[in-house]
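# Results of the structural survey
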Amino acid sequence: MVLLALSLTLIQRRTSEQLNWDAITEMDEHNRPIHTFQVCNVMEPNQNNWLRSNWISRQAAQKVYVELRFTLRDCNSIPWVSGTCKETFNLFYHETDEAHGVKFRPAQYTKIDTIAADESFTQMDLGDRILKLNTEVREVGPINRKGFYLAFQDIGACIALVSVRVYYKKCPFTLRNLASFPDTVPRVDSSSLVEVRGACVDHAEERDTPKLFCGADGDWLVPLGRCVCSVGYEEIDGSCVACRPGFYKAYAGNIKCSKCPPHSFSYGEASAICRCEKGFFRAEKDPPTMACTRPPSRPRNLMFNLNDTCLLLEWSPPSDTGGRRDLTYNVQCKRCGPEPDRCQQCEDELRFLPGPLGLTNATVTVVDFSAHANYTFEIESLNGVSDMSSFPRPVAIITVSTDQGGPSLVGALKKDWASPNSIALSWQQPEQTTLPIIDYEVKYYEKEHELLSYSSTRTKAPSVIVSGLKPATWYVFSVRTRTAAGYSSYSPKYEYETTGDCKYLRQSKVLVCCTAVRPKYRVFFGWCCLCFKGRYGNHIIHSSYWLDYLVSLCRYQCSVEAPKDVRVKFCSHNVHIPYPGIKTYVDPDTYEDPTQAVHEFTKEIDPSRIRIERVIGAGEFGEVCSGRLRTPGKKEIAVAIKTLKGGYVERQRWDFLREASIMGQFDHPNIIRLEGVVTKSRPVMIVVEYMENGSLDSFLRQHDGHFTVIQLVGMLRGIASGMKYLSDMGYVHRDLAARNILVNSNLVCKVSDFGLSRVLEDDPEAAYTTTGGKIPIRWTAPEAISYRKFSSASDAWSYGIVMWEVMSYGERPYWEMSNQDVILSIEEGYRLPAPMGCPVALHQLMLHCWQKERNHRPKFTDIVSFLDKLIRNPSSLLPLVEDIQSLPESPGEEMDYPMFISVGDWLDSIKMSQYKSNFMAAGYNTLDSVARMSIE
Ligand code: ACK
């Protein structure tokens, strides 16, 4: 609504014999002054009293509204006036293009309406000072001239005109669907709408013509069409905002700017596409959303196998595919004479099957070669961006002399021992070989599936243990030798049926392998597998009972008799069983029915026992609240309650409850304790102990510099102890970071966040890697980033980062470096420097955790005992890194990594002290070498 006039200057026409309108100021019932125009000539007949407004410009209006507020006296309440007193007055208007000053000719005026009062007042009302105000609105129009006058004609009533408001209606300027629509005046004809076309806001473009319709009452109706933000811009609060550096938007539409894909960047704002980093490229058909990729490395393990008529070249795919799947190979051939520099291309002389170029399999057969010639084959790997790189393509080269006879055959295979799942085989080494034997390849397959698939394994010794076999199944084995000249033909086939597996084997069980060792010879003597239902693995079995139990089962099950001094070694198969006497984590995803895992590992809580008090944060699946939990016969406790918001699908419900099924298996003072779950009513909830100080990262940031080093080491010790417990249970956390540690009022730190899916999807720190996974780069070990090798050793790397976060009071690891720069700098050997005030011993422990070779990193048990030593001997924490760095350098005095534990200590700790001399004699004198020891 647009106001044209609110109060009017009214002029009146006075005639000699008639009393006219008077301007009078009165008080309303609240004693506020009101300015009115009044007339009350009710006693005399033939009244004709005019009052006129000033000139009112119509502006954009075609139709105007006049709102009158007035009072009118009831004629019946005035004695002696019948016949002369009126209860109406008339409203007129007159259109003109300009103001006429005081000139006023009623004859020019057009009547709009006779105005009567809904409410008139009496003398009594006057006495009570009650003003019965009437409001009447009249439409005037269409108005075509530039303005108009209004006039009021009194014909003998008792009127007080209190206000006159003149306005017109319009649809106001608006923004809808990224289009702007201007102020629009509706049509005079109230049944038709004005169609208005919108204009896209800056950096937006039309999808379907944006339109709105302006209704007679000034309301916008029926939005149609829309604009969308252009490339490089995203919608924020109704306008199109440029993508920030590091982000891009390749297509116009209702999508947000995305982070640049791996190996690409954008420096400026509003990027439509991210540019590839140096050495990385985008193939013509690669979408802008795809990571930039690079040419592959060379093929590996190129080998040949030659017989009279054909030459088979085989190789393994390159270790680096450059991040692409469109890998192919080209073969080039050179034939060299006696002088190596006199070579000729020979692709045309030979026949390659399926062909020399664009091979998709890592093998090619060559035929039609000469009998006495030296051929050199070069295999190059290519992908969709190989042509874009200016670097020469790396090739794998092999020279084949067609003069040479093939390598010798091996003799028949012999079984040494077998179990339901494995077999040990040996064979006679060939007596004469022209070339040294590189290794043997053992090929085996299920007899029933002879033509479908086979497996193979390599060994340097003339014996092998093949494991992972199915019980009670016929297998066929054969072996061949490999020399520089290629493979021999296979030995005669050896067929064997594995024995039946233990009778307890069913789904969701723990499989424990034990090996019987005859210590004197340090060879594995027997091998057998025991199966338990899942629940056994989760029960603490007293260690001596456990050992005896295993030994007797081993004797019973193994096809060989175990010697008297048998030792049982635990090895992982389906699950990890590190030490006897410690229960083992069971992956809830191995349950066919996830609800069974929830039943098995969590307690259902009656929701009436929970009192939710306030919301403390937002979790991945819904709000996190604090509250109280009542348990009959126990003290009420404070709890945190994670809720699953409504509208979830079954998959989300399981992802939410998976964390509870994992947490419910743990019982340790440094692991967040699960109180229970609510699954039988809505909302679904996970109830855990309450940690007053919230997450460690924000807690430290809020208390920068407040703690002593010993207090900080105490927190780190707690985290390490929780992690030792998890790694002993065989659980790999994958997202250990200060944000996932919670702190209680006693500064006790507890490891939390066991939602595995969250690691991959919803940790705000997680970024996509070239292999497609989502990983919190700054906290993750290099092998886990590059090929997803997550282990307790990668958790140890993350622990080092947590140490750094703690000692720097919540600083962001690698500060504002990009994830890509973090990966590159780690690859180049850069490691985070010690935070201010960090003791040397702690920074060394961090560096130890960040060793590239994962087996060299400390185990959590080592970390706990090292931190214990520091706490017991606080003077060891006095040398600070900045003090050491300010000392003059003394050559040759390098700081060693702390020695955690010797092989001897380790053997003592696992009650195998009697093998110390055997380990030393075999050269296993460091824990690193022990860690690399294989079964063979
Ligand atoms: O840093 P905070 O205060 O600690 O904010 C987050 C928020 O909920 C979302 O995760 C807090 N939080 C999570 N679990 C607990 C708990 N067991 N006790 C107290 N606060 C918790 C966390």
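Going by what an unreviewed UniProt entry lists, the chain is known as receptor protein-tyrosine kinase and is assigned to Neolamprologus brichardi. UniProt lists a comment for the chain under the heading Catalytic activity (unreviewed entry), and it reads "L-tyrosyl-[protein] + ATP = O-phospho-L-tyrosyl-[protein] + ADP + H(+)". We quote the UniProt Subcellular location (unreviewed entry) comment for the chain here in full: "Membrane".

A contiguous nonpolar patch, built from Leu-193, Leu-221, Val-222 and Leu-224 and spanning about 290 Å² of accessible area, is present on the exposed surface. Its location among the elements puts Leu-224 in strand S18 (residues 220-229).

Quick look at the environment of His-94 now. Looking at where His-94 falls in the secondary structure, it is placed in strand S8 (residues 88-96). Overall, the relative accessible area of 14% leaves His-94 in the buried class. Counting along the chain gives twelve residues from His-94 to Pro-106, while the straight-line C-alpha distance between them is 9.1 Å. Leave out the neighbours within four places in its chain, and His-94 touches His-100, Gln-108, Tyr-109, Gly-147, Phe-148 and Tyr-149.

Tracing the backbone through its elements, the reader meets Asn-305 in strand S25 (residues 300-306). Residue Asn-305 is classed as buried on the basis of its relative accessible area, which comes to 19%. Here the alpha-carbon distance between Asn-305 and Ala-484, two residues 179 residues apart in the chain, equals 9.6 Å. Beyond its immediate chain neighbours, meaning those up to four positions away, Asn-305 contacts Cys-310, Leu-311, Leu-312, Arg-480 and Tyr-487.

On strand S40 (residues 494-497), burial follows the alternation: Tyr-494 and Tyr-496 on one face are buried, whereas Glu-495 and Glu-497 on the facing-out side are not. Bridge analysis of strand S38 (residues 474-483) against S40 gives four bridges, and the strand direction is antiparallel. Within S40, the residue paired with Val-476 across the bridge is Glu-495.

In the vicinity of the ligand lie 13 residues, with Ala-640, Glu-689, Met-691, Ser-695 and Ser-698 positioned nearest. Here a nitrogen atom of the ligand and a backbone polar atom of Glu-689 are 2.9 Å apart. Residue Met-691 places a main-chain N or O atom 2.8 Å away from a nitrogen atom belonging to the ligand. Contact with the protein chains removes 76% of the 450 Å² of surface that the ligand exposes when unbound. Sorting elements by how many residues they give to the shell around the ligand places strand S44 (residues 610-618) first, with three residues.

According to UniProt, the positions carrying the feature "binding site: ATP" (unreviewed entry) are Ile-616, Gly-617, Ala-618, Gly-619, Glu-620, Phe-621, Gly-622, Glu-623, Val-624 and Lys-642. Of the residues just listed, which span 27 residues, no C-alpha pair is farther apart than 14.0 Å, and they cluster in one region. Its location among the elements puts Ala-618 in strand S44. We classify Ala-618 as exposed; its relative accessible area is 73%. When you line up the elements, Val-624 lands in strand S45 (residues 623-629).

To continue, consider the nonpolar core. Of all hydrophobic cores here, the largest spans 84 residues; its most connected members are Phe-666, Leu-696, Ile-719, Phe-754, Tyr-799 and Leu-867. The contacts of Phe-666, once residues within four sequence positions are left out, are Tyr-585, Ile-671, Tyr-725, Leu-726, Met-729, Tyr-731 and Phe-754. Counting 29 residues, the second largest nonpolar core, distinct from the first, contains Trp-21, Phe-89, Ile-112 and Val-166.

All right, on to the packing of helix H12 (residues 840-849) against helix H13 (residues 860-872) then. Close contact between H12 and H13 brings their axes to 12 Å; oriented N to C, the two are set at 175°. It follows from the interaxial angle that H12 and H13 lie roughly antiparallel. Of the residues in H13, those touching H12 at Ala-841, Leu-842, Leu-845 and Cys-849 are Ile-863, Phe-866, Leu-867 and Leu-870. For the contact of H12 with H13, the class distribution of residues is eight nonpolar, no polar and no charged.

Our focus in this paragraph is helix H10 (residues 792-807). Taking 1.5 Å of rise per residue, the 16 residues of H10 would be expected to cover 22 Å, and the 22 Å separating its terminal C-alpha atoms lies within 8% of that figure. The buried fraction of H10 amounts to 15 of the 16 residues, a majority that puts the element mostly inside the structure. With a side-chain oxygen positioned 3.2 Å from the backbone nitrogen of Ala-793, the residue opening H10 is Ser-791. Backbone geometry just after H10 places Tyr-809 at a positive phi near 55°.

If you trace the three strands from one edge of the open sheet to the other, you get S15-S17-S18, paired in antiparallel fashion. Because the sheet does not close on itself, it has two edges, and the strands there are strand S15 (194-197) and S18. On average, adjacent strands in this sheet sit at an angle of 15° to one another, irrespective of strand direction. In this structure, S15 lies alongside strand S17 (residues 204-214), joined through four bridges in antiparallel fashion. Within S17, the residue paired with Glu-195 across the bridge is Phe-213.

It is the contact of helix H4 (residues 594-601) with helix H5 (residues 650-663), at a shortest axis distance of 9 Å, that shows an interaxial angle of 30°. Judged by the angle between their axes, H4 and H5 are roughly parallel. Crossing angle aside, the handedness with which H4 passes H5 is left-handed. Judged by residue contacts, Pro-594, Thr-595, Ala-597, Val-598 and Phe-601 of H4 engage Arg-653, Trp-654, Leu-657 and Ser-661 from H5. Its residues assigned to classes, the contact of H4 with H5 shows six nonpolar, two polar and one charged.

Turning next to the state of the cysteines. Enumeration over the complete set of coordinates arrives at nine disulfides. A sulfur-sulfur distance of 1.9 Å marks the disulfide that ties Cys-75 to Cys-85. On the sign convention where negative means left-handed, the S-S torsion of about -80° between Cys-75 and Cys-85 marks this disulfide as left-handed. With Cys-75 in the loop between strand S7 (64-72) and S8 and Cys-85 in the loop between S7 and S8, this residue pair connects regions lying ten residues apart in the sequence. In this structure, Cys-75 and Cys-85 share a single accessibility class: buried.

Here is what the cut-offs are and how they apply
- Residues numbered from 1 in each chain as written.
- Predicted model: local features only at pLDDT ≥ 70, side-chain atom pairs only at ≥ 80, totals over all residues.
- Heavy atoms only, no water.
- UniProt positions renumbered as here; feature names shortened; annotations may be inferred.
- Patch = residues over 30% accessible without salt bridge, like charges linked within 9 Å, V, L, I, M, F, W, Y side chains within 5 Å.
- Areas by Shrake-Rupley, 256 points an atom, 1.4 Å probe, with all protein chains shown as cover.
- Salt bridge = Lys/Arg side-chain N within 4 Å of Asp/Glu carboxyl O.
- Helix = DSSP H or I, 4+ residues; strand = E, 2+ residues; numbered from the N terminus.
- Buried < 20%, exposed > 50% of the residue type's maximum accessible area, 1.4 Å probe, protein only.
- Contact = heavy atoms within 4.5 Å.
- Pairing = 2+ DSSP bridges.
- Near = heavy atom within 4 Å.
- Polar contact = N/O pair within 3.5 Å; in protein donor to acceptor, adjacent residues only side chain to side chain.
- Core = buried A, V, L, I, M, F, W, Y, C linked by side-chain atoms within 4.5 Å.
- Axes fitted to C-alpha atoms, helices over the stretch in contact; angles between N-to-C directions.
- Parallel < 35°, antiparallel > 145°, perpendicular 65-115°, else oblique.
- Nonpolar A, V, L, I, M, F, W, Y, C, P; charged D, E, K, R; others polar.
- Expected span 1.5 Å × (residues − 1).
- Left-handed = near helix turned anticlockwise from the far one by under 90°.
- Disulfide = S-S within 2.5 Å.

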